[in-house]
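# A closer look at the structure
Each chain, written out:
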Amino acid sequence: MEFNILTPITIGFFTAFIMGPVFWVLLETSITKGFRAAVAFNLGVLFADVCFILVCYFGSIQLLEVEENKQGLYVLGGTILLVYGTIYLITRNKKR
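Here is a short report on the structure shown in this document. These figures come from a predicted structure and were not determined experimentally.

### Regarding helix 2 (residues 21-32)
For helix 2, with twelve residues, the first-to-last C-alpha span of 17 Å sits near the 16 Å given by 1.5 Å per residue. Immediately downstream of helix 2, the backbone of Gly-34 shows phi near 105 degrees, a positive value.

Below, the structure written as structure tokens:
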């Protein structure tokens, strides 16, 4: 039996974006305020997403062009994840 790993990854990726909070707000807006308000809301979300992607891309392109920066970015990313995980573990145990 063959198993294609790309199929569940693709379905999960698109489902994560389709069934997000914006989807439910879009449904509520279309029911309560009508089609035009839902289209305006959807265009606003699309514009905000495109702006966010462009800002991230142009903000990080200078860092990624220089080869010496990549090692520092790996260390910075690992440190951020380590600190976040440590804080999560500490605060989780205090809540019990």
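### With respect to helix 3 (residues 35-65)
For helix 3, spanning 31 residues, the distance from its first C-alpha to its last is 44 Å, which sits close to the expected 45 Å at 1.5 Å a residue. Gly-59 marks where helix 3 bends most, by close to 25 degrees.

### Some words on the packing of aromatic side chains
This model, assessed by the stated rule, comprises two aromatic pairs. An angle of 75 degrees between the planes, with centres 5.1 Å apart, marks the rings of Phe-23 and Trp-24 as edge-to-face.

### Description of the side chain of Thr-29
Structurally, Thr-29 can be placed in helix 2. Exposure remark for Thr-29: the relative accessible area of 13% places this residue in the buried category. The residues contacting Thr-29, other than those within four sequence positions of it, are Gly-34, Ala-37 and Ala-38.

### Overview of the packing of helix 2 against helix 3
Where helix 2 contacts helix 3, the two axes come as close as 8 Å, and the packing angle between them is 155 degrees. Classed by the angle they form, the pair helix 2 and helix 3 counts as roughly antiparallel. Together, Val-22, Val-25, Leu-26, Thr-29 and Ser-30 of helix 2 and Phe-35, Ala-37, Ala-38, Phe-41, Asn-42 and Val-45 of helix 3 make up the contact between the two elements. By residue class, the composition of the contact of helix 2 with helix 3 is eight nonpolar, three polar and no charged.

Parameters at a glance
Residues numbered from 1 in each chain as written. Predicted model: local features only at pLDDT ≥ 70, side-chain atom pairs only at ≥ 80, totals over all residues. Heavy atoms only, no water. Helix = DSSP H or I, 4+ residues; strand = E, 2+ residues; numbered from the N terminus. Expected span 1.5 Å × (residues − 1). Bend = angle between axes of the 7 residues up to and from the residue. Phe/Tyr/Trp six-rings, centres within 6.5 Å; stacked < 30°, edge-to-face > 60°. Buried < 20%, exposed > 50% of the residue type's maximum accessible area, 1.4 Å probe, protein only. Contact = heavy atoms within 4.5 Å. Axes fitted to C-alpha atoms, helices over the stretch in contact; angles between N-to-C directions. Parallel < 35°, antiparallel > 145°, perpendicular 65-115°, else oblique. Nonpolar A, V, L, I, M, F, W, Y, C, P; charged D, E, K, R; others polar.

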